[in-house]
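# Overview (structure and organization)
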Amino acid sequence: MARTSRLCSLLAAFILGLIASQLLRPVFHRSGTAQERATGQQLGTAQGPDLPSVPLRPPSEPLAASSPLPPPPPPPLLPAPPALEHHHHRPERANAAFVILLQNKDLHDMRKTMQMLESTFNRRHGYPYVFLNNVPFTEHFKTHIQAMTTAPVKFGLIPREHWSYPASINQTQAALNRKEMEARNVPYGDSESYRHMCRYESGFIFRHELVQEFDYYWRVEPGVTFSCELDFDPFMVMKTKKYKYGFTIALPEFVGTIPTLWENVRQFMQLHPEHISKRNSLEWISYDKGETYNNCHFWSNFEIVDLNFFRSKAYIDFFSLLDEAGGFFYERWGDAPVHSIAAALMLDRKEIHFFNEIGYRHGMYEHCPESPALQLKCACDPKDNVDWVPFSCLRRFLET
Ligand SMILES: *[C@@H]1O[C@H](CO)[C@@H](O)[C@H](O)[C@H]1NC(C)=O
């Protein structure tokens, strides 16, 4: 009994935390110009006109433009740092990109996230970024995003047919259901755009023309943090180990968002036994061999995926059945349970990979690697690690 109420209060904290993390997004005050932040320029370089005639800065720094007849720079006192920022000697790359669905108002959260992604990983690799929006990005947004990286950056518009109601949906009924879910305090229960977003992430993002060319994507959201220096390439790990789905956090979904999801999954399993993997991980998502869903899912705001899995006939058949059932609109099915159930049923257990080395936080939940070796590379507090809290689904996954 005590254990149950503790679980309940933890779950309540989890739900409140999720809501709070959306409501209380920190306001980001910038100091310095965007360009300075983007290029990591040092403060000294902005002081040109007031410099005294005897330079105070180390001789390896560029001289101010106002100095007459600059002498040739002396040899550097320290060995040159490894050429991390530049394009020479890049390691082999996978055909992969970061893919981010966001709005113009997410600019500053996104720039903070990009700065971490670049410094902990991508400045050594140069993987491209694809930004997608259901309305056009502003020029301001584009210049300020572009300034954060030397890697290629693309901005795409989501086609209307991927962000609108299918003809089969009774929108009057959908609106009634939203009101009812709001009254039950279901997270985002009243939000129409959240539903379009979840449906888009579930069934369309991997078909966008800018994403089409890539074999792998790393999904990123504005405001998430990456706390570990990555001395490996997660995309190349996916490719060489033939992983199809990679995650960092596994949690239960809010039951109120998916009342009829599992009955549709069961229908899919009956209709399409050919799509169910022989070495699936049904055991991870069901305590009773598929009778009911235990609500475990990978927290898909972080995911690294072989997009050919999402483009497979198996996954498309799965998405189409769910889409026709209408639960993205009549209920509030999230892309996290949809992706996770698909991965658990249609992939070999060995094709799903836990990226323990990637420190990651979204809202109030964080994966912070605990091993002493990884702690040396990670700027996160292992006390904040969500891996082993009672409601985490990680342990069950690892034991499957
Ligand atoms: C749509 O749903 C509303 C509310 O339940 C219902 O009154 C109406 O008849 C439905 N329309 C159609 C075309 O089924």
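The following paragraphs examine the structure supplied in this document. Keep in mind that this is a model prediction, so the values were computed, not measured.

Taken in spatial order, the 3 strands line up as E5-E11-E12 in an open sheet, and their pairing is antiparallel. In the strand order of this sheet, the two ends are held by strand E5 (225-226) and strand E12 (365-367), each with one partner. Of the strand pairs in this sheet, E5 and strand E11 (residues 360-362) are connected by 2 bridges, and their pairing is antiparallel. Its bridge partner being in E11, Phe 226 is matched across the sheet by Tyr 360.

Let us look at the state of the cysteines. Summed over the entire model, instances satisfying the criterion amount to 3 disulfides. The residue that forms a disulfide with Cys 228 is Cys 378, at a sulfur-sulfur distance of 2.0 Å. In this structure the cystine formed by Cys 228 and Cys 378 twists about its S-S bond by roughly 110°; its chirality is therefore right-handed. Placement of the pair is Cys 228 in the loop between E5 and helix H7 (234-241) and Cys 378 in the loop between helix H14 (372-375) and helix H15 (394-399), with a sequence separation of 150 residues. When its relative accessible area of 2% is taken as the criterion, Cys 228 is described as buried.

Glancing now at the pattern of salt bridges. Counted by the stated rule, this structure contains 21 salt bridges. The salt bridge partner of Glu 180 is Arg 184, with a shortest N-O separation of 3.1 Å. Residue Arg 184 is classed as partly exposed on the basis of its relative accessible area, which comes to 43%. For Asp 384, the salt bridge identified is with Arg 361, shortest N-O distance 3.7 Å. Of the two residues, Asp 384 is situated in the loop between H14 and H15 and Arg 361 in strand E11; the sequence distance between them amounts to 23 residues. What you see here is one network of salt bridges that share partners, running through Glu 201, Arg 219, Glu 221, Glu 303 and Asp 335.

Criteria and thresholds
- Residues numbered from 1 in each chain as written.
- Predicted model: local features only at pLDDT ≥ 70, side-chain atom pairs only at ≥ 80, totals over all residues.
- Heavy atoms only, no water.
- Pairing = 2+ DSSP bridges.
- Helix = DSSP H or I, 4+ residues; strand = E, 2+ residues; numbered from the N terminus.
- Disulfide = S-S within 2.5 Å.
- Buried < 20%, exposed > 50% of the residue type's maximum accessible area, 1.4 Å probe, protein only.
- Salt bridge = Lys/Arg side-chain N within 4 Å of Asp/Glu carboxyl O.

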